[in-house]
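# Observations on the three-dimensional arrangement
Okay, here's what each chain looks like letter by letter:
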Amino acid sequence: MNALVIEDDTSLNEIICACLAGEDYACTSAFSGSEARLLLQADAASFDLVITDLMLPGCPGEELVPLARRRLGNVPVIVVSAKAAVDDRVALLRTGADDYLVKPFDLDELLARVDAQTRARGGAARMHDEVLRFGAWELSPEQRAFAVDGVPLRLTRTEFDLLAALMAHPDRVFTKRDLYLIACRDDAQLADVVSGAVPVMPTDEKTVVTHMGNLRTKLKPTGTDGYLETVWGIGFKLRRV
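All values reported here derive from a predicted model rather than from experimental measurement.

Along the chain, the position of C27 falls in strand β2 (residues 26-30). For C27, a relative accessible area of 29% corresponds to the partly exposed category. Contact partners of C27, with chain neighbours within four places excluded, come to A3, C17 and L20.

Structure (C-alpha cells):
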C-alpha cells in the first residue's frame, strides 16, 4: 500500500510517515503543494492513500484534493489542517475529501480514520486498479475502457469520467456542481471554482446535463440507459434495475 503525505512541516511529515509505515504503508513525502501536484499528475501516479495539509507553498491543498480525486479515483483523501471553520471542512468534503482532521490531532485517531476509510472500500482502496461493475456495465479506470454485457462502448473523456464517478459511488446522489468539478480538467479554473472566486454558473450545470443526455443516447441501444436517474432539483445517481 502506497501513501502520499503532503505536509510542509518536515517533522510532522516524518512522524505521519513513520506511523503509516507501522501499518505497512510505503510513504512518499511531498513538502510543498507544487511537488505534490507533480507527483499526482505523473503518468505513473499510483497511491492508495493521500493525506494532505491545506496551507502549502506553491499549490494549496484546496487544489490538490480535487486533483487527487480525479487522478486516483476512489482512493481515501484525508485532510489535516489548522483550519477549523465548518465552512472549510464542508467545502473540502464536497470537492473530494473523505475525512478532515483539525490540527493538532492524535496520531491514533489519524490511523483509525485511515483504517475506517480503507475498510469502507472493502480493503481495496485503489480504484484505478479495480474494474467497476454495475448491472451490465463494466468499467476499467486503468484501461479507460467501458463495456455493456462485454461489448465495448466508445465514450468521450468527459462521459467516461462522469460514469466512473457514478459507478464508484453507486448509491450517492451527485449534484450537477459535483459532476462539473469531476469533469473539469482545467486546474486553474477548477482552483478558482473550489476557492469560491468563480461560482459554478447555470451554463456550467447545463453542460453537465448535456453530457448526461449524450450518455443516455449512447446507452439507449444497449437497454441500460435507465441506469442513469435524474434526481430533479439536485443532480444524478445510478438506479438499480
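On to the sheet that holds strand β6 (residues 132-134). Spatial strand order, β6-β7-β8-β9: 4 strands in an open sheet with antiparallel pairing. The open sheet has two edge strands, β6 and β9 (151-152), and neither has a second partner. Relative to strand β8 (residues 145-148), strand β7 (residues 137-140) runs antiparallel, the two being bridged by 4 bridges. Pairing of L139 across the sheet is with F146, part of β8. Helix-sheet contacts for helix α6 (residues 157-168) involve β6, β7 and β8, and the interaxial angle to β7 is about 110°.

Moving on to α6. Taking 1.5 Å of rise per residue, the 12 residues of α6 would be expected to cover 16 Å, and the 16 Å separating its terminal C-alpha atoms lies within 8% of that figure. Among the 12 residues of α6, 11 are classified as buried, and the element is accordingly described as predominantly covered. Every buried residue of α6 is listed here: T158, E159, F160, D161, L162, L163, A164, A165, L166, M167 and A168.

Burial runs high along strand β4 (residues 77-81): 5 of the 5 residues are buried. Of the two faces of β4, the one carrying V77, V79 and S81 and the one carrying I78 and V80 are both buried. Of the pairings in the sheet, the one linking strand β3 (residues 49-52) to β4 comprises 3 bridges and is parallel in character. In the sheet register, V50 faces β4, and the bridge partner there is V77. Crossover connection from β3 via helix α3 (residues 61-72) to parallel β4: handedness right-handed. Once you follow β4 into helix α4 (residues 86-94) and on to strand β5 (residues 99-102), the crossover reads as right-handed.

Turning our attention to the packing of helix α2 (residues 33-41) against α3. If you want to describe how two helices pack, look at the angle between their axes and the distance between the axes. Taken N-terminus to C-terminus, the directions of α2 and α3 make an angle of 10°; their axes are 10 Å apart at the nearest point. With respect to their mutual orientation, α2 and α3 come out roughly parallel. Between α2 and α3 lies a crossing whose hand is left-handed. When α2 is examined against α3, the residues G33, A36, R37, L40 and Q41 are found in contact with a partner set consisting of E63, L64, L67, A68, R71 and L72. When the residues that make up the contact of α2 with α3 are grouped by side-chain class, the tally is 6 nonpolar, 2 polar and 3 charged.

Reading the values: rules and limits
- Residues numbered from 1 in each chain as written.
- Predicted model: local features only at pLDDT ≥ 70, side-chain atom pairs only at ≥ 80, totals over all residues.
- Heavy atoms only, no water.
- Helix = DSSP H or I, 4+ residues; strand = E, 2+ residues; numbered from the N terminus.
- Buried < 20%, exposed > 50% of the residue type's maximum accessible area, 1.4 Å probe, protein only.
- Contact = heavy atoms within 4.5 Å.
- Pairing = 2+ DSSP bridges.
- Axes fitted to C-alpha atoms, helices over the stretch in contact; angles between N-to-C directions.
- Expected span 1.5 Å × (residues − 1).
- Right-handed = clockwise from strand over helix to strand, strands pointing away.
- Parallel < 35°, antiparallel > 145°, perpendicular 65-115°, else oblique.
- Left-handed = near helix turned anticlockwise from the far one by under 90°.
- Nonpolar A, V, L, I, M, F, W, Y, C, P; charged D, E, K, R; others polar.

The values are spatial; any link to function lies outside them.
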